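Descriptive structure summary
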Amino acid sequence: MSQTLRVETHDTHVRATLDRPAKRNAIDRELIDALHALCAELERDPRTLILTGAGGTFAAGADIAQLRERRAADAREGINTHCFARVRALPMPVIAVVDGYALGGGAELAYAADIRIGTPRLRIGNPETGLGIIAAAGATWRLREIVGEPLAAEILLAGRVLEADEALAVGLVTRVLEPAQAVEEAERIAARIAALDPAATQATKRALLAPRDAHPAIDLEEQAVLFDSPEKERRMTAFLERRRTT
Ligand code: COA
């Protein structure tokens, strides 16, 4: 069990809180290992994941004390990159409640989520070039996909840090709520997802994550499986019969 990633299991979701507030939840190797362990569990037993940070911060980046000691071989190992890619590829949706600072690797972890909810004190961006490195754990492709290349370029090349209203305006977060309400909203979304067909949700996520040239073949294959599923039959029949009796 990690001391710095607090994991709570609820009926409709699992909540994981980055809990290293004295270091602004900086993502160190221990946190990465704990995230891998959590991913392994959610791959075996898929559930919606809500990611939060303790102490009014999402995460102030990768741990700079550890980063300073890393060399070329460590960069090629992609310590954070592979971990965040695994979070991104989790079978069920990932919702990040992004409160306060989400910088560098912290921002990249947030970019790996499917749904992001901000708080009024959100500050999100990628100051990596100021530390003499690039944002190699998702920002150069994922941030561009989310906000488009012009703004991604400003964030990545000029160190622009977005505040909550700006992040909302460009869709980097889809809502801004006070921290407690933001968590409640994430829980409401998780409850809504839990009422849907998990196989359809997982198929939708796989299709959403597939590269452009995989469409529409992947959509048709996913749909083919679902069209023959008893759950689809059950859900559609329930809908049709309910309408007939009302
Ligand atoms: N890695 C390692 N330690 C970090 C850290 C990081 N990314 N971010 C913060 N910390 C540590 C600080 O070194 C400090 O440790 P100390 O108390 O032992 O000296 C502690 O967390 C508190 O940080 P501090 O800077 O005093 O907090 P703050 O509230 O004044 O400022 C930030 C918060 C986020 C603005 C500031 O900590 C910061 O700029 N962090 C680095 C952001 C960054 O460049 N991230 C990209 C990394 S890839």
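Before any of the text, the structure's been laid out above.
Presented here is an overview of the structure given in this document. Computed from a predicted structure; not experimentally measured. Positions within a chain are numbered from 1, following the residues in the order the chain's sequence is written. Given that the model is predicted, a residue must reach a pLDDT of at least 70 before its local features are reported, and side-chain atom pairs must reach 80 or more before they are shown or counted; all residues, however, enter totals for whole chains, interfaces and linings. Side-chain descriptors were evaluated using all non-hydrogen atoms of the structure, hydrogens and water having been removed beforehand.

Notes on the pairing of strand β1 (residues 5–9)
In the case of a regular strand, side chains alternate between the two sheet surfaces. Using the following cut-off: Here the rule is simple: two strands pair whenever DSSP picks up at least two bridges between them. We count a stretch as a helix when DSSP gives it H or I for four or more residues in a row; a strand needs E for two or more, and each element gets its number in order from the N terminus.
Pairing geometry for β1 and strand β2 (residues 13–18), over five bridges, is antiparallel. Pairing of V7 across the sheet is with A16, part of β2.

Some remarks on helix α1 (residues 29–44)
Quick reminder of the rule: Helix span is expected to be 1.5 Å times the residue number reduced by one. The buried label goes to any residue with under 20% of its type's maximum accessible area, the exposed label to any with over 50%, and the partly exposed label to all in between, with areas taken from a 1.4 Å probe on protein chains only. An arc is given here, and it is the one of the directions from the helix axis to the C-beta atoms. Every residue pair with non-hydrogen atoms within 4.5 Å of one another is taken to be in contact.
Between its first and last C-alpha, α1 extends 23 Å over 16 residues, near the 22 Å set by a 1.5 Å rise per residue. Looking only at α1, the buried set comprises L31, I32, A34, L35, L38, C39 and L42. Down the axis, α1 shows its buried residues gathered within 160° of arc, on one side only. At its buried positions, α1 is contacted by β1, β2, β3 (48–53), α4 (79–88) and α5 (105–111).

What about the site of the ligand?
As a reminder of what qualifies: Only heavy atoms are used to decide nearness, and a residue is near a molecule or strand if one of them lies within 4 Å of it. Counting of polar contacts relies on pairs of N or O atoms within 3.5 Å, with two restrictions inside protein: one atom must be capable of donating a hydrogen and the other of accepting it, and residues adjacent in sequence are counted only when both atoms are side-chain atoms. For accessible areas, the Shrake-Rupley method is used with a probe of radius 1.4 Å. Any residue's cover is judged against the shown protein chains and nothing else. When residues are sorted by character, Ala, Val, Leu, Ile, Met, Phe, Trp, Tyr, Cys and Pro go into the nonpolar class, Asp, Glu, Lys and Arg into the charged class, and all the rest, Gly among them, into the polar class.
Around the ligand, 15 residues are found, and the nearest of them are K23, R24, A60, A62 and I64. A distance of 3.3 Å separates an oxygen atom of the ligand from a polar atom in the backbone of A22. Side-chain polar atom of R24 to an oxygen atom of the ligand: 3.0 Å apart, as the coordinates give it. Summarising the interface, the protein chains cover 59% of the accessible area of the ligand, which totals 870 Å² for the free molecule. Elements with a contribution of two residues or more to the shell around the ligand: α2 (64–69) and β5 (101–103). Its residues placed into classes, the shell around the ligand shows 10 nonpolar, two polar and three charged.

With respect to the nonpolar core
Filter applied, for reference: Residue types Ala, Val, Leu, Ile, Met, Phe, Trp, Tyr and Cys, when buried and joined through side-chain atoms within 4.5 Å, form a set referred to as a nonpolar core.
Grouped together as the largest cluster of nonpolar side chains are 48 residues, with contacts concentrated most on L49, L51, F58, F84, L109, I124 and L172. Of the residues forming this core, the biggest block, seven residues, is contributed by α1. Sequence-distant contacts of F84, that is, excluding residues within four places in its chain, are made with I27, I32, L35, G105, E108, L109, A112 and A137. Judged by nonpolar contacts, the second largest core, of 11 residues, contains I50, V97, I117 and A186.

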